[in-house]
Amino acid sequence: MTTYSIIKRIYGEEKNQINVKIYATKQGAIDAGNSWLRDCTIHAEIRKGRNFEVIENTENSFKWTGICRTN
């Protein structure tokens, strides 16, 4: 079964994610990442430096999907 996750970055550095969320669909992961990008409680300058990538989880590894979004 294929699942998806997002890798969050702030100014190019990967954010330490302790509880990585898993999404059943690629669109679900994209929607969660977009929500994280739009988080209005974060200062605007920090929000500018945010981006994320969607990865596809397999049994033993992961695969890049090529989906990357930034503010």
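What you see is a predicted model, and the numbers here were worked out from it, not measured in a lab.

Draft legend 1. A look at the sheet that holds strand β1 (residues 3-10). Ordered by their spatial adjacency, four strands build an open sheet running β2-β1-β3-β4, and the pairing between neighbours is antiparallel. Looking at which strands have only one partner, the edges of the open sheet turn out to be β2 (13-14) and β4 (62-70). The pairing of β1 with strand β3 (residues 50-57) spans eight bridges and is classified as antiparallel. Looking across to β3, one finds that Ile6 is bridged to Val54. On the sheet, helix α1 (residues 26-37) packs against β1, β3 and β4 and is oriented at approximately 160° with respect to β3.

Draft legend 2. Representation of the nonpolar core in the model. Counting ten residues, the largest nonpolar core consists of Tyr4, Ile6, Tyr23, Ala29, Ile30, Trp36, Leu37, Phe52, Val54 and Ile67. Going through the elements one at a time, β1, α1 and β3 are the ones with two or more residues in this core. At four residues, the largest contribution of residues to this core is made by α1.

Draft legend 3. Fine view of the environment of Ala29. Looking at the secondary structure, you find Ala29 in helix α1. By relative accessible area, which is 0% here, Ala29 ends up buried. A C-alpha to C-alpha distance of 20 Å links Ala29 and Lys48, two positions 19 residues apart in sequence. For Ala29, the contacting residues outside a window of four places in its chain are Tyr4, Ile6, Tyr23, Phe52 and Val54.

Draft legend 4. Up close: α1. With twelve residues, α1 should reach 16 Å at 1.5 Å per residue; the first-to-last C-alpha distance of 17 Å fits that figure. Turning to α1, its buried residues are Ala29, Ile30, Gly33, Asn34, Trp36 and Leu37. Considered in projection along α1, the buried side chains sweep an arc of 155° and stay on one side of the axis. On its buried face, α1 is in contact with β1, α2 (44-48), β3 and β4.

Draft legend 5. Quick peek at the side chain of Asn34. Mapped onto the elements, Asn34 comes out in helix α1. Among the residues examined, Asn34 registers a relative accessible area of 19% and is labelled buried. Beyond its immediate stretch of four places on either side in the chain, Asn34 contacts Phe52 and Arg69.

Draft legend 6. Looking closely at the pairing of β1. Judged by how many residues are buried, β1 sits mostly within the fold: seven of eight residues are covered. In terms of strand pairing, β1 meets β2 through two bridges, oriented antiparallel. Looking across to β2, one finds that Arg9 is bridged to Glu14. Taking the residues that link successive antiparallel strands as the turn, the β1-β2 hairpin has two residues, and the phi of Tyr11 there is positive, at about 50°.

Thresholds, definitions, all that
Residues numbered from 1 in each chain as written. Predicted model: local features only at pLDDT ≥ 70, side-chain atom pairs only at ≥ 80, totals over all residues. Heavy atoms only, no water. Pairing = 2+ DSSP bridges. Helix = DSSP H or I, 4+ residues; strand = E, 2+ residues; numbered from the N terminus. Contact = heavy atoms within 4.5 Å. Axes fitted to C-alpha atoms, helices over the stretch in contact; angles between N-to-C directions. Core = buried A, V, L, I, M, F, W, Y, C linked by side-chain atoms within 4.5 Å. Buried < 20%, exposed > 50% of the residue type's maximum accessible area, 1.4 Å probe, protein only. Expected span 1.5 Å × (residues − 1). Arc of directions from axis to C-beta.

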